[in-house]
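Listed here are the chains, written in short residue letters.
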Amino acid sequence: MRYRSRLTTISALAALAVLALAAPAAAHVEVSADKAHAGATDVTLSFQGEAENPSGIVSERVVLPAGIAPADVTPVKTPAGWEFATTSDGFTVGGKALPANQDAEWSVKVALLPADQTRLSFKTLETYADGEVSRWIEIQEEGAAEPANPAPLLVLQPGPPVASAPATESSPPEISDAPTPQDVGPVPTESADGPNPVWMWWMWAVFAVVLVGGVAFGWRYFHRNSRR
């Protein structure tokens, strides 16, 4: 009986020790998305900062990962009385202290998620009313153990591959037996009023020669007959 009692006590103490060690690790800041794939547009990111200090959370400062510009982030929902503000590397939400042990929950909309990344880390500084700051800024490496203060991690599915236009083969030029413009000599043209003026000049020249020849022949014939 004593052996069983001691064994039960040892088991209970071990369970309490495990819970004690697990408690600090549970107080994370988490992030999720309504569209969890790379390259998604108009994505709502929801954050939850777990309270671990009874004085109450007063602000959450988020550093955006590379590929997301602060100007592309707009507020969707914040705790009552809190305000959203853009910073040079991200944004903050904050205001009056939340009640003791109340988690901070807020959401923002991102215009576009990076298309070439599937693991996005959002480093977050959680500030309490008594001045304590929880720094959730350690990057969680894929396949490695979770660090002591992990940054909120959003794991995405790869985006759809970008379809490239199929290569088209150019059609071979058609071979024709018709002569090319280089093989054809100059083509005489006609004016809008009739035949080509060159031919007209040749016709007038022949006519003039015939006329002069006829006049000369007639004058000689008349001169011979007048002597008789």
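Attention in this report is confined to the structure presented alongside it. What you see is a predicted model, and the numbers here were worked out from it, not measured in a lab.

Where strand 3 (residues 57–63) and strand 9 (residues 123–128) come together, six bridges link them in antiparallel fashion. Looking across to strand 9, one finds that arginine 61 is bridged to leucine 125. The sheet contact formed by strand 9 and strand 10 (residues 133–136) spans four bridges and is antiparallel. Bridge pairing in strand 10 links leucine 125 to arginine 135.

This part is about the environment of tryptophan 106. For tryptophan 106, the position within the fold is in strand 7 (residues 104–112). Here tryptophan 106 falls in the buried class, since its relative accessible area comes to 2%. It is 8.4 Å that separates the C-alpha atoms of tryptophan 106 and proline 75, two residues lying 31 residues apart in sequence. For tryptophan 106, the contacting residues outside a window of four places in its chain are Val29, Leu45, Ser46, Phe47, Gly49, Glu60, Val62, Lys77, Thr78, Pro79, Phe91 and Val93.

Bringing the sheet that holds strand 2 (residues 41–49) into the picture now. Pairing is antiparallel in the open sheet, where four strands are placed in the order 1-2-7-4. The open sheet has two free edges, formed respectively by strand 1 (29–33) and strand 4 (73–77), since each of these has just one partner strand. Strand-to-strand twist across the sheet, computed as the mean angle between neighbouring axes with direction ignored, equals 25°. Of the strand pairs in this sheet, strand 1 and strand 2 are connected by five bridges, and their pairing is antiparallel. When the bridges of strand 2 are listed, serine 32 appears paired with serine 46.

What follows covers the side chain of serine 121. With respect to the secondary-structure elements, serine 121 resides in strand 8 (residues 119–121). Not counting the four nearest positions on each side in its chain, serine 121 is found in contact with Val63, Pro65, Ile139, Ala151, Pro152 and Leu153.

A word on the nonpolar core. Among the nonpolar cores identified, the biggest contains 27 residues, and Leu45, Phe47, Ile68, Phe91, Trp106, Leu113 and Phe122 are the most heavily contacted of them. When residues of this core are traced back to their parent elements, those giving at least two are strand 1, strand 2, strand 3, strand 6 (90–94) and strand 7. Sorting elements by how many residues they give to this core places strand 7 first, with four residues. With near-sequence residues (within four places) excluded, phenylalanine 91 lies in contact with Phe47, Glu60, Arg61, Val62, Leu64, Val73, Phe84, Ala85, Thr86, Trp106 and Val108.

Scoring rules and cut-offs
Residue numbering note: each chain is counted from 1, following its sequence as written. Only residues with pLDDT of at least 70 are given local features in this predicted model, and only at 80 or more are side-chain atom pairs given and counted; all residues enter the totals for whole chains, interfaces and linings. Here the side-chain values reflect all heavy atoms present in the structure, with hydrogen atoms and water set aside. Pairing between strands is defined by DSSP: at least two bridges between them are needed. Secondary structure counts use DSSP, requiring at least four H or I residues in a row for a helix and at least two E residues in a row for a strand, with both numbered from the N terminus. Under the scheme applied here, a residue whose accessible area is under 20% of the maximum for its type counts as buried, over 50% as exposed, and between as partly exposed, the area being computed with a 1.4 Å probe on protein chains only. Residue contacts follow a heavy-atom distance rule, with two residues in contact if any of their heavy atoms lie within 4.5 Å. Lines are fitted to the C-alpha atoms to define the axes, a helix being fitted only along its stretch in contact, and any angle between axes, read from their N-to-C directions, falls within 0 to 180 degrees. To form a nonpolar core, buried Ala, Val, Leu, Ile, Met, Phe, Trp, Tyr and Cys residues must be joined to one another through side-chain atoms within 4.5 Å.

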